[in-house]
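Examination of the molecular architecture
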Amino acid sequence: TSLFLRVEVCSAQKAEQTLPITGKPILTVFANYKAGLGDGNNVSGFNLDRAFVGYEGYFAKGFSAKVVMNVETQRDENGNTKFNGYLKNAQVDWKGYGFSVSVGLVNLKQFSEQENFWGHRYVFKSFQEEYGIAFCEDIGLIAGYEFSPVISADIALTNGEGRRFTNMDNHYRYGTGVTVKPTEGLIFRLYGAVYNIPKFLMDGDIIQKDQYSIATFVGYRNRYFSVGAEDNRVFNYTFDSQLDVNGYSVYTTINITPQLHIYGRFDYFDTVGNRQSNEDRQAIILGLEYAPIKQISISPNYQSRKSFKDKRENFLLVSIACKI
């Protein structure tokens with residue numbers, strides 16, 4: 001009997017070792033041509049906003065792993081743009097029995113549903129990323145559980161320094177969210193986060209406190225259109241005890257044909273408190289999107305941005321995305 005069991009175990013191990021590892025390449029390119037109108041007419045030219053490449057492999061028993069490198073343009077202190085490369089993702093994932101877990105340099109879920117409903121990241125960033133409320137990626141752990149097709153929840157424990165730094169102190173960022181899908185196409189989401197002051201952002205000139213944020217989102221999608229609205233509240237914004245933020249974003253996409261869409265978005269970002277900053281802003285985006293194939297999107301669009309203390313800037317762009 002022991003010989004039989006030994007043969008069975010060895011055979012099972014050998015079979016598992018010979019299971020094929022499947023996977024897919026990851027490639028994304030965002031580029032545009034941008035021309036200023038009116039007060040912004042000194043801005044024009046071709047831009048490469050970001051390009052990232054990587055690979056995601058799928059293993060046995062629900063495990064997978066992903067590594068992605070990213071290159072994007074950044075402005076220096078003189079207003080000049082330059083390329084900057086960094087590691088975007090390096091994570092191990094597991095899914096099974098309704099659970100999901102991601103560990104490493106992971107994509108955060110704080111505004112993932114909002115970004116999916118907006119659907120035009122290559123044209124304009126999602127609200128929380130654009131206005132510096134939350135990171136896209138951080139080092140740590142994300143876990144979720146689907147109680148039913150209607151309701152799910154997720155938690156996040158990360159270093160809080162984003163992708164730029166490894167852990168510099170014993171301070172963290174904590175977050176938890178609940179997603180409800182009561183009927184097909186309709187979604188509600190509530191997310192809250194506590195952000196301890198990272199060591200590299202400590203400033204002795206102001207009274208600092210941990211930053212707290214609450215985000216609510218509602219979206220609806222069918223074959224003809226999608227519409228989403230989000231409200232974002234941040235207390236002790238940038239860890240300043242005398243500065244809070246209110247902001248909302250509404251956006252919609254109308255499907256003319258499976259390949260042709262029109263879309264629009266309005267952002268409002270408002271600082272409140274005893275130390276109001278100059279960052280109160282509005283943004284309007286209107287565009288037409290054409291996808292000749294699934295992997296390519298081309299979008300002529302108009303963008304208008306205004307700070308309450310500055311003149312409105314208007315731009316015409318032709319934005320292009322390639323994703324596989």
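Just above, that's the structure.
Everything in this summary refers to the structure shown in the same document. From a predicted model like this one, the values you see are computed outputs, not experimental measurements.

**Some remarks on the overall build of the protein**
The helix and strand tally for the protein stands at three helices and 16 strands. In the protein, which comprises 324 residues, the proportion classed as buried is 38%. A fraction of 51% describes how many contacts in the protein between residues 6 or more apart in sequence connect residues 24 or more apart.

**Describing the nonpolar core**
In this structure, Trp118, Val123, Phe124, Tyr237, Phe269 and Ile285 are the most contacted members of the largest nonpolar core, which totals 21 residues. Secondary structure elements with two or more residues in this core: α2 (112–118), β12 (244–255), β13 (260–272) and β14 (281–293). Aside from chain neighbours lying at most four places away, what touches Phe124 is Trp118, Glu130, Arg265, Asp267, Ala283, Ile285, Gln303 and Arg305. One finds Leu108, Ala156, Tyr191 and Ala193 within the second-largest nonpolar core, a separate group that totals six residues.

**Considering the side chain of Asp154**
Looking at the secondary structure, you find Asp154 in strand β7 (residues 151–158). Among the polar contacts listed, one links the side chain of Asp154 to the side chain of Arg189, at a separation of 3.0 Å. In contact with Asp154, not counting residues within four places along its chain, are Lys109, Ala143, Gly144, Gly175, Thr176, Gly177, Arg189 and Tyr191.

**Here's the deal with the packing of aromatic side chains**
Each aromatic ring pair is summarised here by two numbers: the centre-to-centre distance and the angle between the ring planes. The full count for this structure, using the stated rule, is 17 aromatic pairs. Relative to Tyr131, the ring of Phe127 lies with its centre 4.6 Å away and its plane at 50°, an arrangement referred to as tilted. The buried category is assigned to Phe127, whose relative accessible area is 1%. Among the residues examined, Tyr131 registers a relative accessible area of 4% and is labelled buried. Measuring from centroid to centroid gives 6.4 Å for Tyr172 and Tyr174, while their planes differ by 55°, and the two rings are tilted.

**So, the pairing of strand β10 (residues 211–221)**
Alignment of strand β9 (residues 186–195) against β10, held across ten bridges, turns out to be antiparallel. The partner of Ala193 across the bridge, within β10, is Ser213. Across ten bridges, the pairing between β10 and strand β11 (residues 225–235) is antiparallel. Across the sheet, residue Thr216 finds its bridge partner in β11, namely Asp231.

**Here's the deal with the pairing of strand β6 (residues 137–146)**
Consecutive side chains along a regular strand alternate between the two faces of the sheet. Inspection of the sheet shows strand β5 (residues 99–107) paired to β6 by nine bridges, in the antiparallel sense. Within the sheet, the bridge partner assigned to Asn107 lies in β6 and is Glu137. The sheet contact formed by β6 and β7 spans seven bridges and is antiparallel. Each residue of the ladder has a partner; that of Gly144, found in β7, is Asp154.

**So, the pattern of salt bridges**
Taken as a whole and assessed by the stated rule, the structure comprises seven salt bridges. A salt bridge links Glu115 to Arg121; the nearest nitrogen and oxygen atoms lie 4.0 Å apart. In this structure, Arg121 and Glu129 form a salt bridge, with 3.3 Å as the shortest nitrogen-oxygen distance. Comparing Arg121 with Glu129, the two get one shared label, buried. Among the charged side chains, a network of salt bridges with common partners joins Glu115, Arg121 and Glu129.

**Regarding the environment of Asn84**
Locating Asn84 in the fold gives a position in strand β4 (residues 81–96). Sequence separation between Asn84 and Glu72 is twelve residues; the distance between their C-alpha atoms is 5.5 Å. Other than its neighbours up to four places away in sequence, Asn84 contacts Asn70, Val71, Glu72 and Gln74.

Cut-off values and rules
Residues numbered from 1 in each chain as written. Predicted model: local features only at pLDDT ≥ 70, side-chain atom pairs only at ≥ 80, totals over all residues. Heavy atoms only, no water. Helix = DSSP H or I, 4+ residues; strand = E, 2+ residues; numbered from the N terminus. Buried < 20%, exposed > 50% of the residue type's maximum accessible area, 1.4 Å probe, protein only. Contact = heavy atoms within 4.5 Å. Core = buried A, V, L, I, M, F, W, Y, C linked by side-chain atoms within 4.5 Å. Polar contact = N/O pair within 3.5 Å; in protein donor to acceptor, adjacent residues only side chain to side chain. Phe/Tyr/Trp six-rings, centres within 6.5 Å; stacked < 30°, edge-to-face > 60°. Pairing = 2+ DSSP bridges. Salt bridge = Lys/Arg side-chain N within 4 Å of Asp/Glu carboxyl O.

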